[in-house]
Amino acid sequence: MEEIVAVDRNYKGEIISFQTSTGRVISYQKAMDEIIEGRITGVEIVEAHDDDDKPLIINSNHPDDESFVNYPPIF
């Protein structure tokens, strides 16, 4: 199983891609698909709590860092 180890954000601070523990860089949507398939662990898909364009978002299961704030940048 892979885990998320780093994130890439756009100019608005929104996560646009993830790096996995095997070194793969995947898009947000690809990560969603792989989480649903059970290929990525340590994260969950939850309903967005604001007026975001995305009805579902990816959260870290780490209790102190659900929004990946402390994850390093990919690039």
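Now for a description of the structure that goes with this document. (Residues numbered from 1 in each chain as written. Predicted model: local features only at pLDDT ≥ 70, side-chain atom pairs only at ≥ 80, totals over all residues. Heavy atoms only, no water.)

## Points about the sheet that holds strand β3 (residues 25-27)
The four strands are arranged β3-β2-β1-β4 in an open sheet whose pairing can be described as mixed. Single-partner strands in this sheet number two, and they are β3 and β4 (40-41). The sheet contact formed by strand β1 (residues 2-9) and strand β2 (residues 15-20) spans five bridges and is antiparallel. Its bridge partner lying in β2, A6 is registered against Q19. Lying on the sheet, helix α1 (residues 28-37) is in contact with β1, β2, β3 and β4; it crosses β3 at an angle near 95°. (Pairing = 2+ DSSP bridges. Helix = DSSP H or I, 4+ residues; strand = E, 2+ residues; numbered from the N terminus. Contact = heavy atoms within 4.5 Å. Axes fitted to C-alpha atoms, helices over the stretch in contact; angles between N-to-C directions.)

## A few points about unusual backbone geometry
In this structure, F68 is a non-glycine residue whose phi angle is positive, near 65°. Positionally, F68 belongs in the segment after β6 (56-60).

## Topic: the packing of aromatic side chains
Inspection of every chain in the model, using the stated rule, returns three aromatic pairs. Judged by centre distance (5.6 Å) and plane angle (35°), the rings of F18 and Y28 are tilted. In this pair, F18 sits in strand β2 while Y28 sits in helix α1, placing the two residues ten residues apart along the sequence. Among the residues examined, F18 registers a relative accessible area of 0% and is labelled buried. Residue Y28 is classed as buried on the basis of its relative accessible area of 12%. Measuring from centroid to centroid gives 4.9 Å for F68 and Y71, while their planes differ by 70°, and the two rings are edge-to-face. Judged by its relative accessible area of 1%, F68 falls in the buried class. (Phe/Tyr/Trp six-rings, centres within 6.5 Å; stacked < 30°, edge-to-face > 60°. Buried < 20%, exposed > 50% of the residue type's maximum accessible area, 1.4 Å probe, protein only.)

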